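Reading the structure
What follows is the residue order along each chain.
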Amino acid sequence: MVKKVVKYFLYIFILLLIALVLKTAFYTSKQVNIKNVEIAGVSESSVAHLGMAIGFKTISNMDNNLVDTAVFRAFHSFLETAYPLVHQNMGKELFNHSALLYKIEGSNKSLKPIVLLAHQDVVPVVEEEWDEAPFSGKIENGVIWGRGALDNKGSLIAIMEAMEMLFNLGFQPERTTYLAFGDDEEVGGNGAIAMAAELEKRGVDAEMVLDEGMVITKGIVPMIEQPVATIGTSEKGYLTVELACKYEGGHSSMPNAETAISILSNAIVKVTENRPAATFTQPVNDFMGFIGPEISWPARVVFANKWLLGGILKGIYTSSSPGNATVRTTTAPTMVSGGIKDNVLPTTAKATINFRLLPNISTDELVKYLRKVIDDWRVDITVLEGAREPAPVSSVETYAFSTIQKTVGQVFEGTLVAPTLMLGSSDSRHYSKVSKNIYRFAPYQLRNEDLATIHGANEKISIENYQAMIRFYYQLIKNMQVAEQK
Ligand SMILES: [Zn+2]
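If you're wondering where the values come from, they're calculated on a predicted model, not measured in any experiment.

Parameters and conventions
- Residues numbered from 1 in each chain as written.
- Predicted model: local features only at pLDDT ≥ 70, side-chain atom pairs only at ≥ 80, totals over all residues.
- Core = buried A, V, L, I, M, F, W, Y, C linked by C-beta atoms within 7 Å.
- Buried ≥ 20, exposed ≤ 12 C-beta atoms within 10 Å, placed from the backbone.
- Helix = DSSP H or I, 4+ residues; strand = E, 2+ residues; numbered from the N terminus.
- Domains from an automatic or database assignment.
- Contact = placed C-beta atoms within 7 Å.
- Pairing = 2+ DSSP bridges.
- Axes fitted to C-alpha atoms, helices over the stretch in contact; angles between N-to-C directions.
- Nonpolar A, V, L, I, M, F, W, Y, C, P; charged D, E, K, R; others polar.

1. Focus: the nonpolar core
Membership of the largest hydrophobic core comes to 94 residues, with the highest contact counts inside it found for Ile159, Ala162 and Tyr473. For this core, the element with the highest residue contribution is helix H5 (residues 153–168), accounting for 10 residues. Mapped onto the domain boundaries, this core takes at least three residues apiece from domain 1 (45–220 + 393–481) and domain 2 (237–383). Sequence-distant contacts of Tyr473, defined by excluding residues within four places in its chain, comprise Ala158, Ile159 and Ala162. Core analysis: the second largest hydrophobic core is formed by 21 residues, Ala244, Cys245, Leu358 and Ile374 among them.

2. As for the sheet that holds strand E17 (residues 460–462)
In spatial order, the strands read E4-E5-E17; together these three strands make up an open sheet with antiparallel pairing. What marks the edges here is a single partner per strand, and that holds for strand E4 (139–140) and E17. Sheet topology places strand E5 (residues 143–145) next to E17; three bridges connect them, and they run antiparallel. Within E17, the residue paired with Val143 across the bridge is Ser462. On top of the sheet, helix H15 (residues 463–481) reaches E5 and E17; it is set at about 80 degrees to E17, its chief contact.

3. Topic: the domain arrangement of the protein
With domains assigned, the protein is organised as domain 1 (45–220 + 393–481) and domain 2 (237–383). Facing nine residues of domain 1, the contacting portion of domain 2 comprises 12 residues. Its residues placed into classes, the side of domain 1 that touches domain 2 shows eight nonpolar, one polar and no charged.

4. Examining the sheet that holds strand E14 (residues 379–383)
With antiparallel pairing, four strands are arranged side by side in an open sheet as E11-E13-E9-E14. Of all strands in the sheet, those bounded by a partner on one side alone are strand E11 (330–338) and E14. Mean inter-strand twist for the sheet, computed between neighbouring axes without regard to direction, equals 20 degrees. Sheet topology places E11 next to strand E13 (residues 348–357); eight bridges connect them, and they run antiparallel. By the bridge assignment, Pro333 is partnered in E13 with Ile353.

5. Details of unusual backbone geometry
Each neighbour pair has its own omega, and for Asp151 with Asn152 the value is 10 degrees, a cis peptide bond. The topology assignment puts Asn152 in the loop between E5 and H5. In this structure, the amide linkage connecting Trp297 to the following residue, Pro298, adopts the cis form with an omega of -5 degrees. Mapping Pro298 onto the fold places it in the loop between helix H8 (282–291) and helix H9 (299–304).

6. Let's talk about the environment of Val383
Residue position: Val383 is located in strand E14. C-alpha separation for the pair Val383 and Val367, spaced 16 residues apart in sequence, amounts to 8.1 Å. Not counting residues within four places of it along the chain, the set of residues in contact with Val383 comprises Leu239, Val241 and Val367.

7. Let's talk about the environment of Met90
Positionally, Met90 belongs in the loop between helix H4 (84–89) and strand E1 (91–95). With 12 residues separating them along the chain, Met90 and Tyr102 place their C-alpha atoms 5.8 Å apart. For Met90, the residues in contact, after removing those within four places along its chain, are Tyr102, Lys103 and Ile104.

8. Some thoughts on the pairing of E13
Only one face of E13 is buried, namely the one carrying Ala349, Ala351, Ile353, Phe355 and Leu357, since none of Thr348, Lys350, Thr352, Asn354 and Arg356 on the opposite face is buried. Where strand E9 (residues 237–246) and E13 come together, 10 bridges link them in antiparallel fashion. Among the inter-strand pairings, Cys245 is bridged to a residue of E13, identified as Ala349.

So, in structure tokens, the structure goes:
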């Protein structure tokens, strides 16, 4: 009998082994092999232009009244001077306080428009922490310095340079092309909201919306040596709730068994101990589908056999905070308050908990889930301002995605492409009614240490990287003019 059981398990083991090997052997690459193309004509002045653009202190502020709109106007005048052909060929409209929407009509009405996004505003600086003056736009040793070099004037100016290059060569687009440059992305994106609403009102259904977000990572994706162009196909949602408990007060010499603070603490513990489960959502599945086949043995076996070894992968993801945030709706208690004196029982206690939602749950569903988990009528749950749903997931089976992939191959030799989930947010989230195909990618080539300079000190970009971005946008706009070849 024992022998039979052993034999049985041995068979199963061998079958599984064969399945693993077969699955791995047929795990085919989704990368495309494309020849680099020569793109000449990036203007000499493009470098000086980015330096000058950085010089405008277009700092955003939660309070519109505190925004220096004169600086934005000056920035607009600079754009007019630097990009005369763009301004001759494209219509320009103003939204919010300073958001810019450019448009050129395409000649082929059967092709859907494209919309390129970037934002003009930047976050404030702590000047003492910088090695160079943050708004100097200084150009030294092949590097352009300053706030906004990466976030996000680098893209904005690269897009303008690309358009100017195209018009210089007599470009007449087949597809209607929009450039939409927000003025307050860092504080909520009212500019983007206004422009997206207008496009929606005009019935624009775009073939592609491309915004900042993810980048070309160097040495960041584990087990991969090549640079990886990560394309955000969705972004996480945002929800902050306040838990509040009102309870009998009194003197602490004769306390009740429970107080507002102990009831609230219990609720916090329940919430943190019952975090939503780790899940592979579509963008992460897509990421593994694109990256897995590029990983060498034996790790590739794990990626190729998610059906069996998904648990191991989840373990790997959840073992680091960024990995965990990629596969989970995260829970972070961030503020707590209650009580007024050491010998007085508190009558109220409050806690604030911030969640970042995966694209598989809505804010309503999460609040329902919290009520169930806390299961205590004495704890009130209030949704605070600023909640937003996760962005709809854009497919990777689209003409827009494959064109981005092709363009990456044409401009950045040896770079892999991988869709992914964006943990932060971008203006593009406001465009979900303008297009189903929203991608978050600007071709900055960045290492881990560069990422820290975004919103931090010493933000800068190499001239080489910046000019490659211009080539990318130039080539992408050109590639998108052609209808999909089926
Ligand atoms: Zn940004």
